[in-house]
Amino acid sequence: MGLKAERTKQSSSAEASDRERIVRAVLDEIRPSLRRDRGDCELVEIEGNKIMVRLTGACMLCKLAGTTLAAIQARLIERLGEFVRLIPLPGAAKVGP
C-alpha cells in the first residue's frame, strides 16, 4: 500500500472515530431524559450517513418515540454539520457477549 493510500485510510479511520464520538456524545446528552421515563437509546452501527440505533425500555412502546428520534436526528445533524439519517432498529437490546 502506498503512502498516500495509507494516509487516506488513517484519515478516514480518524473521521469515523470522530463521528462515532460525536454520535455517542449526543446520545449521552439525551440519555438522562430517556432514563427518567425508564427508556434508553443505544448506538448499533454507523454506515455512511446512516446511524442505526435501538430504543430500549419504555421507549420501545412509547407513542412519542418518533418525536424523540426526530429530535435526536436534528441534534446529530447540527453537531455533525451534515445530513444523517437516524434509523431505529426493532428488537430489544442484546445482553451479554
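Predicted model only: the values in this text are computed from it and were never measured.

This part covers the sheet that holds strand β2 (residues 50-57). The mixed open sheet is built from three strands, whose spatial order is β1-β2-β3. The open sheet has two edge strands, β1 (39-47) and β3 (85-88), and neither has a second partner. Averaged over all pairs of adjacent strands, the angle between strand axes in this sheet comes to 30°, irrespective of strand direction. Bridge count for β2 against β3 is four bridges, and the pairing is parallel. The residue bridging K50 from the neighbouring strand is R85, located in β3. Along the sheet face, helix α2 (residues 65-80) touches β1, β2 and β3 and points at about 145° away from the line of β3.

Bridge analysis of β1 against β2 gives eight bridges, and the strand direction is antiparallel. Pairing of L43 across the sheet is with V53, part of β2.

Here we come to the nonpolar core. Within the largest apolar cluster, 19 residues are counted, with the highest numbers of intra-cluster contacts made by V23, C41, I51, I72, L76, L80 and L86. Listing elements by their share of this core, those giving two or more residues are α1 (3-36), β1, β2 and α2. For this core, the leading source of residues is α1, giving six residues.

Conventions and cut-offs
- Residues numbered from 1 in each chain as written.
- Predicted model: local features only at pLDDT ≥ 70, side-chain atom pairs only at ≥ 80, totals over all residues.
- Heavy atoms only, no water.
- Pairing = 2+ DSSP bridges.
- Helix = DSSP H or I, 4+ residues; strand = E, 2+ residues; numbered from the N terminus.
- Axes fitted to C-alpha atoms, helices over the stretch in contact; angles between N-to-C directions.
- Contact = heavy atoms within 4.5 Å.
- Core = buried A, V, L, I, M, F, W, Y, C linked by side-chain atoms within 4.5 Å.
- Buried < 20%, exposed > 50% of the residue type's maximum accessible area, 1.4 Å probe, protein only.

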